[in-house]
Every structure is written in structure tokens, then in C-alpha cells.
Amino acid sequence: MAEPSTAGRLRRLLERTDGRLDALVDAGLRRARAHPAPWWLVDALFLAAAVVDAVLDIAGATTTEITLSLVAAGALVLRRRLPVLAFALTMPGLFIGSGVVAASIALFTLGERTDRRWLMLVAAVVQFVGFSGFVVGPPQQFDEIVVSVVYALIFALGPLAIGLLVRTRAVLVDRIAELGASRAEERRRAAEVALSRERALLAREMHDVVSHQVTLIAVQAGGVQMAGRDEQERAFARTIRQLCVVTLQELREMVQVLRASGGTDREIAPQPVLADLPRLVAASGLETEVAVELPDSLPLPVQRAVYRFVQEGLTNVRKHAPGAVVRISGLLHGDQVLVDLVNGPARADRLELPGSGLGLIGLGERASLLGGRLDSGPQPGDGFALHLRLPVEHLPAPASASS
């Protein structure tokens, strides 16, 4: 079994990585959105905790302290819409009454719902000062003061840090959702690009193959129409020719629909090669001089391009210069394949067959994909010439002529 190429291994690795990334995105979204608690339930629990904290210290408290503590608890109702106002309303309860829980929840909300760093810093300092005064109180021993300050730092920085963590998690959930949407959009665009390339490929192959064969049928029918033995036979030939004209017109319209931007170097199999040129020339019904000296060792894409070049040239001669003498030459010159197809003036009436104008464009695309070029133009004496130039590398010396 052949060893897989580096490009193939890299492509498979990228496909596996792409699949794992999609799985991670989907898993992250499922975990982030799994059973979220209703917002009203969270607010009710916070409010209840603040009220309980205020009620527990009612005994021995003054009316002012009780009022400020209850105001601090009630201010949590505003925490989602007006987090700064809610925090400000809890501060009197923290400094004078019993609003530790309410102030901590309000500080948590600031970390969760604001992105102004200076405001969060000021709120944390105010919380620290208020909690330090609440805990420290009258002068104490040094070690007790240290412990109180540590607790004040925890209550000042802890809620703020938790709020920032919740906010960061929400931002990450949104980013994961955006990543999932962008991945889906990327897959959709990749599918559209693949579809456009397939349409371009089908359009090119339809024009190269079907148009060539239908034109050949029309030419033969035109000959029968002119040399028919009786009127019935000529009528049959006329009908066949008219059907060919209609078919070519419909094919042209279909090719214009299928043809899309973008191209591909992939070909539909099986494809013709240089060995099929003699059969193509013989079936054309044209007087042809062939001098093709190209080796069979040419790369298959180059051989197919040469075949399509000759096929399109012969089709154009039958359409635009019936009966003309055609000269086809091909040789390998250095690292280039040189193929020429030149026809003389028409020697019969021109067939009125519709054309799409895409044949030479398709040949030019083939040549461009292979790094070459296609030139065309009129010749003296009402003739026409096509010139194909394709680069090749590392080939043996040219073999004997194939004609």
C-alpha cells in the first residue's frame, strides 16, 4: 500500500483538529448554558439574606440603625438596573446600621455589571473602610487589629473578585457562542465555494464534451441535407440539424447558469489523453494535417489540456470555417509544450450554430491553472490560429510522433 503523502497527512490532521474544535465549542456552550438559575430567584435569595442580616441585629439597635439596615437590604432591588445607586444606598447601613450582607452583595454586583476599574477600586476602598470600622471598633490589641484588617480586606476584595469572575464567565459564554456561529458560517461558505467550483467544472466539461458531439452531429446532418437521395431523407436531416441548433442554444444557457466564480484543478474521470487525439481528428470530418510530436510521459493534466485544445479548435472550425484545411502541430521545446492549430479560409457555407463564447475562456482557464497561456487571433487569408503554451519539467526526450 502506498505511503500517504505529507499533504494528505496534513489534511487529515487539520480535519481532525477542526472536528475537535467544533466538539469543544459545542461542549462549552452546553456546559455554560446548562440549567441556569432564574434571575428572580437569585435576587430573592440575595434580598432575603440581607433582610435576615438586618433583622438579627434589631435587638438593642436604634430606630435609625434599623431603618438604614432595611434601606440597605431594599436597595438590592435596584442592583441589576442601577448597580452604582444600589451600592451607595447600602453604605449608610454598613457604616451605621447592620448592612454587611447587603453591602457585600452590592459590591459583587458592581464587579459583575460595570467595567469601570476606578469605580470598582473606589467601592472596594469604601467597603474596606466601612467594614474596618465595624469590626475594629474601640482600640484593641495589635494582633486583633491585624486580624480585623485581614477580614476587612476579604470582605472588600472577595465580593468584587467573585463579581469579576461571574462577568468574565458571561463574556466567555458570549465569545464561545460567537465562535460557534462563525464556525457554522465558515462551513456554509466553504460549502458554497465547493458548489461554485463544481458548477464551474461541470460547465467546462459540458461545453467541451457535449457541445463538441452535438456540433459534429449537426455537421453530419447538414451534409445529409445537401446530398440526400429524396425529399424525405433531406427533411429528416433538416429536423436533426434544427434539433442540434436548439440543443446547443439550451446548452449555452445551462452553461451560463452553472458557470460560477472560482475554479478547480480536479477533473472528472475518465479523461482523454494524447493517445485519443487520432480518433478525435478522424471523427471531425475535416481535412487535417497533423504533426504532433509529444511524448506519452507528459503529465496527465497537460495531456488533457492538449486534447481539449484540439477538440475546441476543431469545433470552432466546423462552426465558423466549414471545409477549411486544418494544421495541427505539437512539440516539446525545452521545458514547454507548444501546440498550434491553424485553419485556412472556409470552403463551404457557414453553419448557423449558436455559440456560448466560453470555449476559449475555458481553455484559457485550463492553461492558466497549469501555469501556461492561450493565444488566438486571425491569420492572413481569412484564417484563424490558436496557440497553446504549457510549462513542463523533468521529462525524457520526446517520443515518436503520434498523429
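Because the structure is a prediction, the values reported are computed rather than measured. (Residues numbered from 1 in each chain as written. Predicted model: local features only at pLDDT ≥ 70, side-chain atom pairs only at ≥ 80, totals over all residues. Heavy atoms only, no water.)

Engineer: Tell me about the packing of helix α2 (residues 39-56) against helix α5 (residues 100-113), and name the residues and values.
Structural biologist: When two helices pack together, their arrangement is given by the angle between their axes and by how far apart the axes lie. Running from amino to carboxyl end, α2 crosses α5 at an angle of 150 degrees, the nearest separation of the two axes being 7 Å. Looking at the two axes, α2 sits roughly antiparallel to α5. Contact with α2, carried on its side by Phe46, Ala49, Ala50 and Asp53, involves Val100, Val101, Ala102, Ile105 and Phe108 of α5 and no other residues of that element. For the contact of α2 with α5, the per-class residue count stands at eight nonpolar, no polar and one charged. (Axes fitted to C-alpha atoms, helices over the stretch in contact; angles between N-to-C directions. Helix = DSSP H or I, 4+ residues; strand = E, 2+ residues; numbered from the N terminus. Parallel < 35°, antiparallel > 145°, perpendicular 65-115°, else oblique. Contact = heavy atoms within 4.5 Å. Nonpolar A, V, L, I, M, F, W, Y, C, P; charged D, E, K, R; others polar.)

Engineer: Explain the nonpolar core to me, and be specific about the residues and the numbers.
Structural biologist: Within the largest apolar cluster, 30 residues are counted, with the highest numbers of intra-cluster contacts made by Leu294, Val306, Leu314 and Val337. Mapped by element, the contributors of at least two residues to this core are α9 (277-284), α10 (300-320), β2 (326-333), β3 (336-343), α11 (359-369) and β5 (383-391). The leading source of residues in this core is α10, at eight residues. With near-sequence residues (within four places) excluded, Val337 lies in contact with Leu294, Leu298, Val302, Val306, Leu331, Leu332, Leu388, Arg389, Leu390 and Val392. If you look at the next biggest cluster of nonpolar residues, it comprises 21 residues, including Ile105, Leu107, Leu119 and Ala124. (Core = buried A, V, L, I, M, F, W, Y, C linked by side-chain atoms within 4.5 Å. Buried < 20%, exposed > 50% of the residue type's maximum accessible area, 1.4 Å probe, protein only.)

Engineer: Can you break down the pairing of strand β1 (residues 288-293) residue by residue, with the values?
Structural biologist: Examined bridge by bridge, β1 and β2 share six bridges and lie parallel to one another. By the bridge assignment for β2, Thr288 is matched with Val326. (Pairing = 2+ DSSP bridges.)

Engineer: Tell me about the packing of α10 against α11, and name the residues and values.
Structural biologist: Packing of α10 against α11 brings their axes to within 10 Å, and their N-to-C directions diverge by 165 degrees. Classed by the angle they form, the pair α10 and α11 counts as roughly antiparallel. Here α10 and α11 pass one another in a crossing that is left-handed. On α11, the residues that touch Arg308, Phe309, Glu312 and Asn316 of α10 are Gly359, Leu360, Leu363 and Arg366. Residue classes in the contact of α10 with α11 are distributed as three nonpolar, two polar and three charged. (Left-handed = near helix turned anticlockwise from the far one by under 90°.)

Engineer: Any details on unusual backbone geometry? Residues and values, ideally.
Structural biologist: Phi at Asp382 is positive, roughly 65 degrees, even though this residue is not glycine. Residue placement: Asp382 occurs in the loop between β4 (373-379) and β5.

Engineer: Tell me about the sheet that holds β3, residues and numbers included.
Structural biologist: Judged by pairing direction, the sheet is mixed, and its five strands sit side by side in the order β1-β2-β3-β5-β4 without closing on themselves. Every interior strand has two partners, whereas the edge strands, β1 and β4, have only one. Averaged over neighbouring strand pairs, the angle between their axes works out to 10 degrees when direction is ignored. Bridge count for β4 against β5 is seven bridges, and the pairing is antiparallel. When the sheet's bridge partners are listed, Ser376 is paired in β5 with Leu386. α10 contacts β2, β3, β4 and β5 of the sheet and is inclined by roughly 10 degrees relative to β3. Helix-sheet contacts for α11 involve β4 and β5, and the interaxial angle to β4 is about 145 degrees.

Engineer: Describe the pattern of salt bridges, listing the residues and the values that go with them.
Structural biologist: Two side chains of opposite charge can pair, provided their charged atoms sit close to one another. Inspection of the entire model under this criterion finds ten salt bridges. In this structure, Asp340 and Arg389 form a salt bridge, with 3.2 Å as the shortest nitrogen-oxygen distance. Of this pair, Asp340 sits in strand β3 while Arg389 sits in strand β5, placing them 49 residues apart in sequence. Considered together, Asp340 and Arg389 belong to a single accessibility category, that of buried residues. (Salt bridge = Lys/Arg side-chain N within 4 Å of Asp/Glu carboxyl O.)

Engineer: Any chance you could break down the confidence of the model for the chain for me, citing the residues and the numbers?
Structural biologist: In the predicted model, the chain carries a mean pLDDT of 76, and 73% of its residues have values of at least 70. The element-level mean pLDDT for the chain is lowest in helix α1 (residues 6-32), coming to 56, with β3 highest at 93. Segment residues 260-265 is flagged for pLDDT under 50; beyond a separation of four residues in sequence, or across chains, it makes ten contacts in the model. Predicted confidence for residues 394-403 stays below pLDDT 50, and this span has 18 contacts to residues more than four positions away or in other chains. (pLDDT = per-residue confidence, 0-100.)

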